[in-house]
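Residue-level structure breakdown
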Amino acid sequence: MIEQIRNQADALKTVIGQQPKHGMDLLLDFARLYGVDEDVENEILLCQYELNVTNTEGGGISDALKIKLDGIADAIVENYDPAKIEIRVQKEQILADNVRQKRIRNDVVLSANNIVKKYRKSKFQLKADNIELRLGEITGLVGENATGKSTLLKILAGEIVPQLGEVNYPLFDPKNQKNWTDLKMRIAYVPQELTKWEGSLLENLAFEAARHGIKGNKNKVAVEYIIQRLGLALHTDKSWAELSGGYKLRFALAKALVWHPQLLILDEPLAYLDIKAQNIVLSDLRNLAKSLKNHLAILISSQHLHETESVADQMWFMREGVLENLGSTNDFNNNRDYNLFELSCALPFSSFHQELNDLGRIKTWANDEIYFIKTPLSISADNFIDYCQSKKIKLLYFRDISQSVKTKFYDTLI
């Protein structure tokens with residue numbers, strides 16, 4: 001067995017020399033299979049960062065980095081111990097089981113009750129009650145425009161004070177002493193309007209980590225790791241003005257995450273991102289929230305409803321300043337007596353409506369070019385699609401939103 005592993009390591013060294021990026025990906029998989037040292041994966045990620053920084057033309061690999069990677073491969077072989085790997089695998093399995101069964105720490109990070117914020121020049125006021133954010137959970141906040149979402153996030157982040165109600169941070173402030181200087185140092189808050197920064201990306205991240213007590217070599221490792229994690233390696237020498245909106249957001253996220261916070265509050269983080277970047281950021285947030293070592297509570301406000309729902313454990317909805325806790329995304333609308341579909345097709349709405357006469361008791365309405373169809377539970381999404389095909393109705397877009405928070409936007413029509 002050891003000889004086979006040694007041969008694999010030698011083959012990896014050859015690939016790394018010829019195709020560095022592909023070779024590092026393979027070395028990462030090799031480390032996960034045969035590595036005893038849990039930190040070896042981080043070492044490889046940092047080497048990936050170094051390659052990206054020093055080699056922007058996609059050419060070869062430096063001799064020094066090649067020697068370092070060869071040494072990592074050799075160390076994996078030399079330290080290989082099936083018994084230790086079995087113990088590591090068992091530990092990982094126990095941790096994974098604990099995550100699935102919610103036995104990992106999911107302490108309450110933030111709780112708030114009877115929050116009221118009034119505005120002097122307007123009759124509008126914000127009301128929020130029964131708020132709770134826990135470690136390892138993502139909470140999505142959606143709602144109509146200009147309904148107080150950003151104000152609520154600022155209150156929870158300690159940026160503004162409500163007229164009534166109380167916000168507590170049991171994990172950070174168990175005695176509820178409300179030292180806001182210390183508390184705000186424990187909360188990572190990324191506002192919708194990003195603050196311009198001066199100096200280089202590296203300097204800003206290093207300063208932010210140091211400000212939260214991460215110094216020396218640990219500072220360097222933390223900075224390089226988050227840069228690699230968020231795909232910023234090719235942008236470390238750019239100024240604020242040279243970054244696109246999407247990379248400004250990624251920088252803001254890196255600045256918020258480099259010091260391993262346990263509470264992250266994000267206001268419209270997807271607004272500046274294309275679809276691919278949105279999926280990458282959301283996937284990173286999901287993995288970070290449920291990280292076995294540094295899991296955190298995340299609150300994210302977004303107009304990108306479906307994307308937010310896909311990663312959220314619970315959802316909140318705001319209308320006219322009032323917060324409604326909709327509970328778990330898995331349980332939302334389980335007790336409904338209807339199905340609701342949204343779609344688009346080539347037919348004008350009036351013609352489309354007429355084609356549905358055979359379906360019996362249904363309700364339809366349109367929002368510009370998107371059509372909505374409310375049906376009895378007996379008509380599933382598959383049933384409806386089959387019906388459209390039988391009528392030769394070509395669907396350009398179709399989504400079953402029966403258990404989506406999107407139904408809250410149309411509850412007066414439903």
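Preceding this paragraph is the structure being described.
First, a word on what this report is: a plain description of the structure on this page. This is a predicted model, so every value here is computed, not measured. (Residues numbered from 1 in each chain as written. Predicted model: local features only at pLDDT ≥ 70, side-chain atom pairs only at ≥ 80, totals over all residues. Heavy atoms only, no water.)

With respect to the packing of aromatic side chains
Inclusion rule: For this analysis, a ring pair means two rings from Phe, Tyr or Trp (six-membered ring only for Trp) whose centres lie within 6.5 Å, classed as stacked if their planes differ by under 30 degrees, edge-to-face if by over 60, and tilted for the remaining angles. Elements are defined by DSSP. Helices are runs of H or I of four residues or more, strands are runs of E of two residues or more, and each kind is numbered from the N terminus. Only protein chains enter the area calculation, which uses a 1.4 Å probe; residues under 20% of their type maximum are buried, those over 50% are exposed, and those in between are partly exposed.
Enumeration according to the criterion identifies 15 aromatic pairs in this entry. Ring geometry for Phe352 and Tyr371: centres 5.3 Å apart, planes at 35 degrees, overall tilted. Highlighted residues: Phe352 in helix α13 (residues 349-355) and Tyr371 in strand β13 (residues 370-376), separated in sequence by 19 residues. For Phe352, a relative accessible area of 0% corresponds to the buried category.

Some details on the packing of helix α1 (residues 2-18) against helix α2 (residues 20-34)
Our working rule: Note on geometry: axes are lines fitted to C-alpha atoms, helical ones only across the stretch in contact, with angles between N-to-C directions running from 0 to 180 degrees. Under this scheme an angle from 65 to 115 degrees is roughly perpendicular, one under 35 degrees roughly parallel, and one over 145 degrees roughly antiparallel; angles in between are oblique. A clockwise turn of the near helix away from the far one marks a right-handed crossing, whereas an anticlockwise turn of less than a right angle marks a left-handed crossing. The contact criterion used is simple: two residues touch if any of their non-hydrogen atoms lie within 4.5 Å. Three classes are used, and their members are as follows: Ala, Val, Leu, Ile, Met, Phe, Trp, Tyr, Cys and Pro are nonpolar, Asp, Glu, Lys and Arg are charged, and the others, Gly among them, are polar.
Closest axis-to-axis distance for the α1/α2 pair is 7 Å, and the angle between their directions is 155 degrees. The angle between α1 and α2 places the two elements in the roughly antiparallel class. With respect to the hand of their crossing, α1 and α2 are arranged in left-handed fashion. Listed contacts from α2 to Ile5, Gln8, Ala9, Leu12, Val15, Ile16 and Gln18 of α1 are Pro20, His22, Gly23, Met24, Leu26, Leu27, Phe30 and Tyr34. Within the contact of α1 with α2, the residues separate by chemical class into 11 nonpolar, four polar and no charged.

Things to note about helix α4 (residues 63-78)
To be explicit about the condition: Between the first and last residue of a helix there are one fewer steps than residues, each counted as 1.5 Å, and that sum is the expected span. Picture the helix axis, draw a direction to every C-beta atom, and the arc is the one those directions span.
Here α4 is 16 residues long and its end C-alpha atoms lie 22 Å apart, about the 22 Å a rise of 1.5 Å per residue gives. Those residues of α4 that fall on the buried side of the exposure criterion are Leu65, Lys66, Leu69, Asp70, Ile72, Ala73, Ile76 and Val77. When α4 is viewed along its axis, its buried side chains cluster within an angular range of 150 degrees and face the same direction. Residues of α4 that are exposed and angled more than 90 degrees away from the buried face: Asp63, Ala64, Ile67 and Glu78.

All we've got here are geometric facts, nothing functional implied.
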